[in-house]
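# Breakdown of the fold
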4 protein chains.
Amino acid sequence: MTQNQHYTHWQHRLHEIIFEADTRAGKYFDIFLILAILLSVLVVMMDSVSAINRAHGTGLLMVEWGVTLLFTLEYLLRLICVKKPLKYAISFLGVVDLLAILPTYLSLFVPGSHYLVVIRVLRVLRIFRVLKLATYLGEASVLIRALKASRRKIIVFLITVLTLVIIFGSLMYLIEGGANGFTSIPKSIYWAIVTMTTVGYGDISPKTGMGQTMAAMVMILGYGIIAVPTGIVTSEITRAAQKGVTTQVCPECMAEGHDLDARFCKHCAAQLNLSPGEVITR
Amino acid sequence: MTQNQHYTHWQHRLHEIIFEADTRAGKYFDIFLILAILLSVLVVMMDSVSAINRAHGTGLLMVEWGVTLLFTLEYLLRLICVKKPLKYAISFLGVVDLLAILPTYLSLFVPGSHYLVVIRVLRVLRIFRVLKLATYLGEASVLIRALKASRRKIIVFLITVLTLVIIFGSLMYLIEGGANGFTSIPKSIYWAIVTMTTVGYGDISPKTGMGQTMAAMVMILGYGIIAVPTGIVTSEITRAAQKGVTTQVCPECMAEGHDLDARFCKHCAAQLNLSPGEVITR
Amino acid sequence: MTQNQHYTHWQHRLHEIIFEADTRAGKYFDIFLILAILLSVLVVMMDSVSAINRAHGTGLLMVEWGVTLLFTLEYLLRLICVKKPLKYAISFLGVVDLLAILPTYLSLFVPGSHYLVVIRVLRVLRIFRVLKLATYLGEASVLIRALKASRRKIIVFLITVLTLVIIFGSLMYLIEGGANGFTSIPKSIYWAIVTMTTVGYGDISPKTGMGQTMAAMVMILGYGIIAVPTGIVTSEITRAAQKGVTTQVCPECMAEGHDLDARFCKHCAAQLNLSPGEVITR
Amino acid sequence: MTQNQHYTHWQHRLHEIIFEADTRAGKYFDIFLILAILLSVLVVMMDSVSAINRAHGTGLLMVEWGVTLLFTLEYLLRLICVKKPLKYAISFLGVVDLLAILPTYLSLFVPGSHYLVVIRVLRVLRIFRVLKLATYLGEASVLIRALKASRRKIIVFLITVLTLVIIFGSLMYLIEGGANGFTSIPKSIYWAIVTMTTVGYGDISPKTGMGQTMAAMVMILGYGIIAVPTGIVTSEITRAAQKGVTTQVCPECMAEGHDLDARFCKHCAAQLNLSPGEVITR
């Protein structure tokens, strides 16, 4: 039991520093971690530029190893201070933490492996670990709630867009043909996506009058239907932002989520304890 | 009557499986159908890529025939199990079902017909048959209601955009002229659409200073007026999403705007007249 | 007086047909007018395509004269049947009506005048004459009211965008320089507009690393601030659509514009006559 | 004291003219200033066009000096008529005022300095000085309040976009490789930004089937997530536009959400405590 108490003491403190951000030490740790993450991603990027790689390859490698050792230490500390190390290790952020250090060690055995680059870039996902702890949690949760609530409408929208894109792409394949760059249906669908999303590279573009007329229709359609996902998400963000409008909890049935102008609980008709100067948070 | 009863029995069961999705068999049928539709569209796409066509043309043809026979069987079953086969056959989805199988049979008599490809691609529309039955019905109906309600505003917007595009296109035809790619008014209007919808291929672009100034105005205009359809649709989706929430009027104080889960009026605490089986749509 | 009555009789009837759309004759006239307008604009467009002009130039010229004579007759009839011909003649739509016929007559004296083409295209504006009379009036007025209400916010937004575009354009002129296509500040500002509005022709694009970094910032900025006009217009359309939410007029002070959930007049505290089954129109 | 009174008299009057816009002289001064600012920025722009510079270089230089002397006089007058000259001098607009005149004088000592051009262009920021005083203040403040309120949500959104762009860019670097223009991770990230913001220059575009598939996903993602900032800002503008409407809380029933013109509570008919000079902002 003393052992457990001793264990709890410094482990709990470590947990507070590493996983939380409400102490001064925790905040400094978070800021330090963000800087380390940004540095490590910057190193991966610069390493891919051949001119920089040739000139400063050794220096970048040293920074890379420094950051990796740091992240390894951090990973071990995280494993030590959580109560259920395995649960942490297989959680999303736990896997990202591991992926942040593995590629560098792997590169010792599989030198020159090109694909490890992207895994090393995944370190950028660790930035969300810090955000998760910070004051941005509430804001992010509003966005996530809004996107979750509009999930199904967005799927319906996406299926409609994909259907349109397949039909328009096939039509353009017929109208323009291979001579104008529409060499196959998949390529024509790629063109339709480039056009409908208003990206418009111009690597493939219609040459015939009929093709340009059809393209103009696809553009106006794409220009217009962007309104649909925007409408969906705006509607849900407005709802999500209004939710929790009142801090009131029904004194009888503990129900939450009352409207700003509610005076009685809508679930059990009990009167809500509205104090005159109640601060209404959004 | 016995005949009719027997008829009803297995026909009704078939109808439940093929047309509905609330039984286990119906759900499996739907999933199987989606996979078959996706496979058949994939085959059409791959067949249009000349490299794949050369290498696996025979294999693709066999899959095509397999899928066609499957869809033919399904079409016949649908005809058998509905009470009014003719009404089904001339409905939108009924015609799509027929168009999904016809081209393959036609290709026996009219070999090499290029245009059948697009008709075969129309199979992708059948995906909506499955959606129609599924849980997405409500979500889709909100979107459709919102778009229907904003139909007229969108038409006014489209006419305005087309008018602007015609006028700006003609102006650019005068300013830039054929030497810079603006060879005719229709082509200049095509440019104006490409620019105003912010697609921007760059296949035709102004070269003179005056043309670029005019183009900049068209871009800023296009960038700005995208706000209009977005505003229209957002406004209507917000309304459509709120509709159905409030079929209830407080019997005491006539207050409206009660939430879906409200059982008592939030203004005067009177009990709302919730009928047990009230269907709440949203 | 008899003279006046006779005058009133057929002139009033003509006014009803030409200017209004609530009689059968008026509706047919409107549909005929739309078709004539579309035909005349189509003729101008086709005439500018050199291949069509060579092959069917004479035919197009005949159609052009036919439409012009028709519009001339219509213009004279409009002048005759309105009570204040001069007021009509100098109104916006009156001037458009005149501009629709003038260029063809002018072309007799100033043959080959290139600039008359655009004036002839302005006929497309006449389409709004028909819309003005039709059922779309209300919908258009909601949009116009929303745009008017957000006029000032949009001007503030436009000034901000133009300021950003001038500063970013000048910066890119310094960073990239003439060798990469940024030959002058106006051209660089043109690039900044092309980029910030997400049009992206690609006729001028940054080549240096620093220029591409700056360009990426401009893109993300442009991608983000499109939200501002959209937010402004959406907010106003929602407001404009909600206006007249309640049909209630205060029985005491005749004030209108009460909220949906208002039970007492907000101006004089009189109780509103809320009938239980009141139909609330938007 | 007499000295001070004399001082106050003409200095106060000058302050009214230069800093305020509610007198006739103040308005004329503002309009004159706007014209001078626009002229000076126009001169900088035209000076950068080599053809114009060669032909009218001397003329432009004279206008430049004229404007600079004018702005210098204005700057001195501003310094004289404010009560705390230092505080003005180090304020944002004060620094902009100084930067507007410095480059021209500096060009005497550091001739041909290219970088002074951008500083001279910064004069365009002075346009906000005039706006700040004008009727647009309220409108701008609604926009600024909305953007401030959505600051955190937008940061969360930007971090998500940057993370996506880094990951997609790295993936494309692997898939496409240097042969197709994706020569390094930073360049691939630049491509990802160009694509996700739907700008789409087309200077770098995927050539392989797998790359085009990935690109299509990035486009649809970018096309979709534009809805998020739009939703955030729309939601906040709607709130900001409604804010200020409701400084009143009903003294009887604590109800909020009263309209600007409400004098009685719409829920319980109690009189609202409207102070006579209550400033209602919107």
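This one's a predicted model, so the numbers in the text were calculated from it and none came from an experiment.

Okay, the overall build of chain A next. Looking only at helices and strands, chain A features 12 helices and 0 strands. Starting at the N terminus and walking to the C terminus, you meet the elements of chain A as α-α-α-α-α-α-α-α-α-α-α-α. Here chain A holds 282 residues, and 47% of them are scored as buried. Here the analysis covers contacts within chain A between residues at least 6 apart in sequence; of these, 57% occur between residues at least 24 apart.

Turning our eyes to something else, we now look at the interface of chain D and chain A. Contacts between chain D and chain A engage 48 residues on the former and 51 residues on the latter. Contact between chain D and chain A buries roughly 4300 Å² in total, counting both sides, with carbon and sulfur atoms accounting for 74%. When the area that chain D buries against chain A is broken down by residue, the three leading residues are Lys-153, Leu-174 and Tyr-223 of chain D, summing to 17%. Along the contact surface separating chain D from chain A lie 0 salt bridges. Applying the counting criterion to the chain D and chain A interface returns 5 residue pairs in polar contact (both at pLDDT 80 or more). Those elements that place two or more of their residues in the side of chain D that touches chain A are α9 (151–176), α10 (185–196), α11 (209–225) and α12 (227–242) of chain D. A per-element tally of the side of chain D that touches chain A places α9 of chain D first, with 13 residues. Residues that form the side of chain D that touches chain A fall into these classes: 28 nonpolar, 15 polar and 5 charged.

This part takes up the packing of aromatic side chains. Residues and elements named next belong to chain D. Per the counting criterion, the structure on display carries 12 aromatic pairs over all chains. Pairing Tyr-75 with Tyr-88 gives two aromatic rings, centres 6.0 Å apart and planes at 45 degrees, and the pair type is tilted. Of the two residues, Tyr-75 sits in helix α3 (residues 50–81) while Tyr-88 sits in helix α4 (residues 85–89), which places them 13 residues apart along the sequence. Assessed through its relative accessible area of 7%, Tyr-88 is described here as buried. With a centroid separation of 5.4 Å and 65 degrees between ring planes, the pair formed by Phe-182 and Trp-191 is classed as edge-to-face. Accessibility assignment for this pair places Phe-182 and Trp-191 in one class, buried.

In a regular helix each residue adds 1.5 Å, so 26 residues correspond to 38 Å; helix α9 (residues 151–176) of chain A covers 36 Å between its end C-alpha atoms and thus fits that length. Directly beyond the C-terminal end of α9 of chain A, a positive phi value near 80 degrees is found at Gly-177 of chain A.

Another point: the packing of α9 of chain D against α10 of chain D. Residues and elements named next belong to chain D. Direction vectors running N to C along α9 and α10 enclose 120 degrees, while the axes themselves pass 8 Å from each other. Regarding the angle of α9 to α10, the classification is oblique. Every pair of crossing elements has a handedness; the one defined by α9 and α10 is right-handed. Residues Val-161, Leu-164, Val-165, Ile-166, Phe-168, Gly-169, Ser-170, Met-172 and Tyr-173 of α9 touch α10, and the partners they reach there are Ile-185, Ser-188, Ile-189, Trp-191, Ala-192, Ile-193 and Met-196.

With that settled, consider the relation of the copies chain D and chain A. By a simple turn and slide, chain D fits onto chain A: the slide is 0.0 Å along the axis, the RMSD is 0.1 Å, and the turn is 90 degrees. The operation mapping one copy onto its partner corresponds to a four-fold rotation axis. Looking at chain D, a mere 15% of its interface residues are interface residues in chain A too, so the copies touch through different faces.

Let us now look at the pattern of salt bridges. Per the counting criterion, the structure on display carries 28 salt bridges over all chains. The partner of Arg-126 of chain C in a salt bridge is Glu-74 of chain C, and the shortest N-O contact between them spans 2.7 Å. One end of the pair, Arg-126 of chain C, is in the loop between α6 (116–121) and α7 (127–133); the other, Glu-74 of chain C, is in helix α3 (residues 50–81), and 52 residues separate them in sequence. The exposure class assigned to Glu-74 of chain C is buried, which follows from its relative accessible area of 5%. The salt bridge involving Arg-78 of chain D is made with Glu-74 of chain D; its shortest N-O contact spans 2.6 Å. Of this pair, Arg-78 of chain D and Glu-74 of chain D both sit in helix α3, 4 residues apart, which is roughly one turn of that helix. Glu-74 of chain D carries the same exposure label as Arg-78 of chain D, and that label is buried. When salt bridges with common partners are traced through the structure, they connect Glu-74, Arg-78, Asp-97 and Arg-126 of chain A into a single cluster.

So, about the domain arrangement of chain A. Here the domain parsing of chain A yields domain 1 (3–132) and domain 2 (146–239). Taken over C-alpha atoms, the centre of domain 1 of chain A sits 40 Å from the centre of domain 2 of chain A.

For the rest of this paragraph, the subject is the nonpolar core. Within the largest apolar cluster, 261 residues are counted, with the highest numbers of intra-cluster contacts made by Trp-191 of chain A, Trp-191 of chain B, Trp-191 of chain C together with Trp-191 of chain D. With near-sequence residues (within four places) excluded, Trp-191 of chain C lies in contact with Met-172, Phe-182, Ile-204, Ser-205, Pro-206, Ala-215 and Val-218 of chain C together with Tyr-201 of chain D.

Let's shift gears to unusual backbone geometry. Residue and element names in this part refer to chain A. If you check the backbone angles, Thr-198 has positive phi at about 60 degrees while not being a glycine. Assignment of secondary structure puts Thr-198 in the loop between α10 (185–196) and α11 (209–225). A residue is classified by how much of its surface remains accessible, and Thr-198, at 8% relative accessible area, is buried.

For the rest of this paragraph, the subject is the side chain of Thr-104 of chain D. Residues and elements named next belong to chain D. The topology assignment puts Thr-104 in helix α5 (residues 92–109). A polar atom in the side chain of Thr-104 sits 2.8 Å from the side chain of Glu-64. With sequence-adjacent residues up to four places away left out, Thr-104 is seen in contact with Glu-64, Trp-65, Thr-68 and Arg-123.

Residue and element names in this part refer to chain A. A cluster of nonpolar residues, Leu-98, Leu-102, Leu-106, Leu-108, Phe-109 and Val-110, forms a patch on the protein surface that exposes about 550 Å² of accessible area. As for its placement among the helices and strands, Leu-102 is situated in helix α5 (residues 92–109). For Leu-102, a relative accessible area of 35% corresponds to the partly exposed category.

The next point concerns the packing of α10 of chain A against α11 of chain A. Residues and elements named next belong to chain A. Close contact between α10 and α11 brings their axes to 8 Å; oriented N to C, the two are set at 50 degrees. Relative to α11, α10 is oriented oblique. Taking contact as the criterion, the partners of Trp-191, Ala-192, Thr-195 and Met-196 in α10 are, on α11, Ala-215, Val-218, Met-219, Leu-221, Gly-222 and Ile-225. Its residues placed into classes, the contact of α10 with α11 shows 8 nonpolar, 2 polar and no charged.

This next bit is on the side chain of Glu-176 of chain A. All names here are of chain A. Mapped onto the secondary structure, Glu-176 falls in helix α9. One buried charge, Glu-176, has no salt-bridge partner; the nearest side chain with opposite charge is Lys-207, at 6.4 Å. A polar atom in the side chain of Glu-176 sits 2.8 Å from the side chain of Asn-180. Among the polar contacts listed, one links the side chain of Glu-176 to the side chain of Thr-208, at a separation of 2.6 Å. With sequence-adjacent residues up to four places away left out, Glu-176 is seen in contact with Phe-182, Pro-206, Lys-207, Thr-208, Gly-211 and Gln-212.

At His-56 of chain B, helix α3 (residues 50–81) of chain B shows its maximal bend, which comes to roughly 85 degrees. When α3 of chain B is considered as a whole, its buried residues turn out to be Leu-60, Glu-64, Val-67, Thr-68, Phe-71, Thr-72, Glu-74, Tyr-75, Arg-78 and Cys-81 of chain B.

Cut-offs and rules
- Residues numbered from 1 in each chain as written.
- Chains lettered and ligands numbered in written order.
- Predicted model: local features only at pLDDT ≥ 70, side-chain atom pairs only at ≥ 80, totals over all residues.
- Heavy atoms only, no water.
- Helix = DSSP H or I, 4+ residues; strand = E, 2+ residues; numbered from the N terminus.
- Buried < 20%, exposed > 50% of the residue type's maximum accessible area, 1.4 Å probe, protein only.
- Contact = heavy atoms within 4.5 Å.
- Buried area = accessible area lost by both parts, 1.4 Å probe.
- Salt bridge = Lys/Arg side-chain N within 4 Å of Asp/Glu carboxyl O.
- Polar contact = N/O pair within 3.5 Å; in protein donor to acceptor, adjacent residues only side chain to side chain.
- Nonpolar A, V, L, I, M, F, W, Y, C, P; charged D, E, K, R; others polar.
- Phe/Tyr/Trp six-rings, centres within 6.5 Å; stacked < 30°, edge-to-face > 60°.
- Expected span 1.5 Å × (residues − 1).
- Axes fitted to C-alpha atoms, helices over the stretch in contact; angles between N-to-C directions.
- Parallel < 35°, antiparallel > 145°, perpendicular 65-115°, else oblique.
- Left-handed = near helix turned anticlockwise from the far one by under 90°.
- Least-squares fit on C-alpha atoms with pLDDT ≥ 70 in both.
- Domains from an automatic or database assignment.
- Core = buried A, V, L, I, M, F, W, Y, C linked by side-chain atoms within 4.5 Å.
- Patch = residues over 30% accessible without salt bridge, like charges linked within 9 Å, V, L, I, M, F, W, Y side chains within 5 Å.
- Areas by Shrake-Rupley, 256 points an atom, 1.4 Å probe, with all protein chains shown as cover.
- Lys, Arg positive; Asp, Glu negative; His and termini not counted.
- Bend = angle between axes of the 7 residues up to and from the residue.

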